[in-house]
Every structure is written in structure tokens, then in C-alpha cells.
Amino acid sequence: MVKIRLTRRGAKKRPFYRIVAIDERKQRDGRPLEFLGTYDPIPNPERLDIKVEKLESWLAKGAQMSPTVRTLLKREAKRAAAAAS
């Protein structure tokens, strides 16, 4: 099964993550099927960049999001809604 999850990049104590579509049996930092975006937790507010079309395409094919990615997307949606109003 394909999962949408985070892979860690960056230096020690300076994490940076990529959001990827990857087979669930692969290692955390294994070779992904496709890169879907990035997440940088260091700046305030944290930065989340995602390619929505690619994400929706993988979800339509049956991929499942990890709980962490789902939480990040919900948090970003709330932030966007607050900024719009």
C-alpha cells in the first residue's frame, strides 16, 4: 500500500522534511515514488508547501496519509481560513 508521509532531511537539530508518496514497506528515508511537498518546522510560523494536485491524485489512487501529514494539512487549512477571514 502507498502511504503519504514525511522523510527527514536537514542537519542535526535543524530538521527539514519532505512529504512523499512511498510504499509503506520502505524505510523512512527510502526511495519515494513521488515528492509531494516540503515541511519546515523551524520558522515561526512553520512553513508547509504542498502540491495539492499531486496529493489529490495519490489519494484518488488509494494512498493513505500518515497521522502526522493529516494533522499538518488540517493545521494549514485552519491557518488559511483564519487568514481569509
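Everything numeric here is computed off the predicted structure, so don't read it as measured data. (Residues numbered from 1 in each chain as written. Predicted model: local features only at pLDDT ≥ 70, side-chain atom pairs only at ≥ 80, totals over all residues. Heavy atoms only, no water.)

**Student:** Please provide a residue-by-residue account of the packing of aromatic side chains, values included.
**Tutor:** Two aromatic rings, taken as a pair, are described by how far apart their centres are and by the angle between their planes. Under the definition given, this model contains one aromatic pair. Seen from their ring centres, Tyr17 and Tyr39 are 6.0 Å apart, and the 25° between their planes marks the pair as stacked. In this pair, Tyr17 is assigned in strand E2 (residues 14-23) and Tyr39 in strand E3 (residues 34-40), connecting sequence segments 22 residues apart. Here Tyr39 falls in the buried class, since its relative accessible area comes to 10%. Sitting above the plane of the Phe35 ring, Arg18 keeps its charged end 4.4 Å from the centroid. Directly above the ring of Trp58 sits Lys61, whose terminal nitrogen or CZ lies 4.6 Å from the centroid. (Phe/Tyr/Trp six-rings, centres within 6.5 Å; stacked < 30°, edge-to-face > 60°. Helix = DSSP H or I, 4+ residues; strand = E, 2+ residues; numbered from the N terminus. Buried < 20%, exposed > 50% of the residue type's maximum accessible area, 1.4 Å probe, protein only. Lys NZ or Arg CZ within 6 Å of the ring centre and 35° of its normal.)

**Student:** Explain the sheet that holds strand E1 (residues 2-11) residue by residue, including any values.
**Tutor:** With mixed pairing, the five strands of this open sheet are ordered in space as E4-E3-E2-E1-E5. This sheet does not close on itself; its edge strands, each paired only once, are strand E4 (47-50) and strand E5 (64-65). Relative to E4, E3 runs antiparallel, the two being bridged by four bridges. The residue of E4 that forms the bridge with Tyr39 is Leu48. Helix-sheet contacts for helix H1 (residues 52-60) involve E1, E2, E3, E4 and E5, and the interaxial angle to E3 is about 125°. (Pairing = 2+ DSSP bridges. Contact = heavy atoms within 4.5 Å. Axes fitted to C-alpha atoms, helices over the stretch in contact; angles between N-to-C directions.)

**Student:** Can you lay out the nonpolar core for me, pointing to particular residues and giving the numbers?
**Tutor:** Counting 14 residues, the largest nonpolar core has Ile4, Leu6, Ile19, Leu36 and Trp58 as its most contacted members. Of all the secondary structure elements, the ones that give two or more residues to this core are E1, E2, E3, H1 and helix H2 (67-84). No other element matches E2, which puts three residues into this core. Discounting chain neighbours no more than four positions away, the residues touching Ile4 are Ile19, Val20, Leu36, Leu55, Trp58, Leu59, Ala63, Gln64, Met65, Ser66 and Val69. (Core = buried A, V, L, I, M, F, W, Y, C linked by side-chain atoms within 4.5 Å.)

By themselves these figures say nothing about function.
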